[in-house]
Amino acid sequence: MSIESPIFIRNIHFPIQDVKQHDWFEGDPLRTSYCDALSVLFPAGERFFIKSVKHYLDKIEDPDFREEVRRFCIQEAFHTREHEAYNAQLASYGYDVEKMEARVIKALGRVKSPIVQLAFTVAIEHLTATLSYLILKDPKVLAKVTPVYRDLWTWHALEEMEHKAVAFDVYQLVTRNLSPWKRYMLRVGALFAVTIDIHRMLLINFNEMLTHRGESKGPKMWLKSAWSLFGNPGYYRRVIFHYLRFYSPFFHPWKGDDGKLMRQGRQELNNMMNVEPKHVD
Ligand SMILES: [Fe+2]
Ligand SMILES: [Fe+2]
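Cut-offs and rules
- Every residue gets a number counted from 1 within its own chain, in the order that chain's sequence is written.
- Each chain takes a letter, starting from A, and each ligand takes a number, starting from 1, following the order in which they are written.
- In keeping with the model being predicted, local features are shown solely for residues with a pLDDT of at least 70 and side-chain atom pairs are shown and tallied solely at 80 or more, while totals for entire chains, interfaces and linings include all residues.
- Think of the side-chain values as coming from all heavy atoms in the structure, minus any hydrogens and water.
- Each nonpolar core is a collection of buried residues, namely Ala, Val, Leu, Ile, Met, Phe, Trp, Tyr and Cys, held together in the definition by side-chain atoms within 4.5 Å.
- Categorising residues by exposure relies on relative accessible area from a 1.4 Å probe, with only protein chains included: less than 20% of the type maximum marks a residue as buried, more than 50% marks it as exposed, and the intermediate range marks it as partly exposed.
- Secondary structure is summarised from DSSP: a helix means a run of H or I of at least four residues, a strand means a run of E of at least two, and numbering begins at the N terminus for each.
- It only takes one pair of heavy atoms within 4.5 Å for two residues to be counted as in contact.
- With axes taken as lines fitted to C-alpha atoms, and helix axes fitted only over the stretch in contact, angles between N-to-C directions fall between 0 and 180 degrees.
- Throughout this description, any angle smaller than 35 degrees is read as roughly parallel, any larger than 145 degrees as roughly antiparallel, any in the 65 to 115 degree range as roughly perpendicular, and the remainder as oblique.
- Less than a right angle of anticlockwise turn of the near helix away from the far helix marks a crossing as left-handed, whereas a clockwise turn marks it as right-handed.
- Basically, the charged four are Asp, Glu, Lys and Arg, the nonpolar ten are Ala, Val, Leu, Ile, Met, Phe, Trp, Tyr, Cys and Pro, and anything else, Gly included, counts as polar.
- With water excluded from the atoms, a metal site may look incomplete; its donors are any N, O or S atoms within 2.8 Å, or within 3.2 Å for Na, K and Ca.
- Each patch is built from salt-bridge-free residues with over 30% relative accessible area, joining like charges within 9 Å and nonpolar side chains (Val, Leu, Ile, Met, Phe, Trp, Tyr) within 5 Å.
- Only the protein chains shown count as cover for residues, and the accessible areas themselves come from Shrake-Rupley with a 1.4 Å probe.
- Definition used for salt bridges: Asp or Glu carboxyl oxygen within 4 Å of a side-chain nitrogen of Lys or Arg.
- Each pair of aromatic rings taken from Phe, Tyr and Trp, with Trp reduced to its six-membered ring, is defined by centres within 6.5 Å and is described as stacked if the planes are under 30 degrees apart, edge-to-face if over 60, and tilted in the remaining cases.
- For a ring to carry a charge above it, either NZ of a lysine or CZ of an arginine must fall within 6 Å of the ring centroid while also lying within 35 degrees of the normal to the ring plane.
- Between 85 and 135 degrees for all angles marks four donors as tetrahedral; over 155 degrees for opposite donors together with 65 to 115 for all other angles marks four donors as square planar and six as octahedral; every other arrangement is irregular.
- Confidence scores here are pLDDT values: one per residue, from the predictor, ranging 0 to 100.

### Some details on the nonpolar core
Core analysis: the largest hydrophobic core is formed by 88 residues, its most contacted members being W24, V69, Y86, W153, V170 and V194. In terms of residue count, the dominant contributor to this core is helix 1 (residues 29-54) (13 residues). What Y86 contacts, discounting residues up to four positions off in sequence, is I16, W24, C35, D36, S39, Y149, L152 and W153.

Listed below in structure tokens is the structure:
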């Protein structure tokens, strides 16, 4: 069980619908669309996480651990609500968000076994924790974006960091009778699979959004996007080692120095939004 981090509940609404600027990421259609394409994946994904973790609730006897799971589910439910509002704004631009979401639902619907669902959740939680690491490690990443979007992504990043070990710890508990090899292969196999499949859906969404806006310009657009991820500013390049940590047999989400990042993130969010974290009973 994780004891490194209290999981705070922050019931915040972000008035995305009031933002008039379409290209909220420093006026850049590519970075804006990449994040927007990611937002479309969240509601179905987070409902899946809640379901897959709740499935094992009766196997958890420790009341503190049960409370962590409860808070994990509440945080993810609020993320779902806010990303639904975000995605409604995207639909108002004329994007076929329903079709994009249907792809996510179909992909997740293929995973039938509860333990594989949990392994997928653990793996995707590592991806969101990696994104959180990028955002919280370097506040300059979002410093110049439109404030409502900056606040929403910072809030989401912080809470993903706070609860990043919950699904992993549930997985460790419920697979304790599996052989170490099976337990390891299931979780790393899941990360490998979701890394590919999430990027498949993300890039399809990204391309559809840019095409709809008349911004898709073939190889030049793709090269520019790849440079942004792997060259400069190199969003992926900067977190590659964080991502790869999961493939170690000794991995645990709280191995590393993320406690400091979380305290900074809380401070940052409080400063930006004047939000004091509070527990919900
Ligand atoms: Fe989330
Ligand atoms: Fe999460």
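### Topic: the packing of helix 8 (residues 180-212) against helix 9 (residues 219-230)
Packing of helix 8 against helix 9 brings their axes to within 13 Å, and their N-to-C directions diverge by 130°. Taken together, helix 8 and helix 9 sit at an angle that is classed as oblique. With respect to the hand of their crossing, helix 8 and helix 9 are arranged in right-handed fashion. Only M221, W222 and S225 of helix 9 make contact with helix 8, whose side of the interface consists of L203, F206, N207 and L210. Split by residue class, the contact of helix 8 with helix 9 holds 5 nonpolar, 2 polar and no charged.

### Examining the coordination of the iron ion (ligand 1)
Looking at the iron ion (ligand 1), one finds its protein donor set to be E46 (OE), E76 (OE), H79 (ND1), H156 (NE2) and E160 (OE), positioned 1.9 to 2.3 Å from the metal centre. In terms of primary sequence, the donors binding the iron ion (ligand 1) are separated according to E-x29-E-x2-H-x76-H-x3-E. Metal-to-metal, the separation of the iron ion (ligand 1) and the iron ion (ligand 2) is 3.8 Å; E76 coordinates the two. Taken together, the residues span a long stretch of sequence, with E46 in helix 1 and H156 in helix 6 (residues 147-162) at a distance of 110 residues.

### Remarks on a nonpolar patch on the surface
Where nonpolar side chains cluster on the molecular surface, the patch consists of I240, F241 and L244 and spans about 310 Å² of accessible area. Relative to the helices and strands, L244 is located in helix 10 (residues 240-244). Residue L244 is classed as partly exposed on the basis of its relative accessible area, which comes to 39%.

### A few points about the pattern of salt bridges
For the structure shown, the criterion picks out 17 salt bridges. We note a salt bridge from E67 to R71, for which the minimum N-O separation is 2.6 Å. Of this pair, E67 and R71 both sit in helix 2 (residues 63-92), separated by 4 residues, roughly a single helical turn. For the salt bridge of E208 with R103, the shortest nitrogen-to-oxygen distance reads 3.1 Å. Separated by 105 residues along the polypeptide, E208 in helix 8 and R103 in helix 3 (residues 97-109) bring together distant segments of the chain.

### Considering the packing of aromatic side chains
Evaluation of the coordinates by the stated rule reveals 15 aromatic pairs. Judged by centre distance (5.5 Å) and plane angle (40°), the rings of W24 and F25 are tilted. Overall, the relative accessible area of 1% leaves W24 in the buried class. With a centroid separation of 5.0 Å and 50° between ring planes, the pair formed by F246 and F251 is classed as tilted. Three or more aromatic residues joined by ring pairs form one cluster here, namely W24, F25, F42, Y86, Y149 and W153. Directly above the ring of F246 sits R187, whose terminal nitrogen or CZ lies 4.8 Å from the centroid.

### Some details on the coordination of the iron ion (ligand 2)
All of the protein donors around the iron ion (ligand 2) are E76 (OE), E125 (OE), E125 (OE), E160 (OE), E160 (OE) and H163 (NE2); their distances to the metal are 2.0 to 2.7 Å. For the iron ion (ligand 2), the 6 donor atoms are set out with angles of 51 to 147° between them, so the coordination reads as irregular. Here the donor residues of the iron ion (ligand 2) share one chain and are spaced in sequence as E-x48-E-x34-E-x2-H. Judged by relative accessible area, which is 1%, E125 ranks as buried. With a relative accessible area of 0%, H163 lands in the buried category.

### Side note on the confidence of the model for the protein chain
Of all residues in the protein chain, 95% attain a pLDDT of 70 or more, and the chain-wide mean is 92. Of all the helices and strands in the protein chain, helix 11 (residues 258-273) carries the lowest mean pLDDT, 80, while helix 7 (residues 166-174) carries the highest, 98. In this model residues 277-281 is a low-confidence stretch, pLDDT under 50, and it forms 15 contacts with partners more than four residues away in sequence or in other chains.

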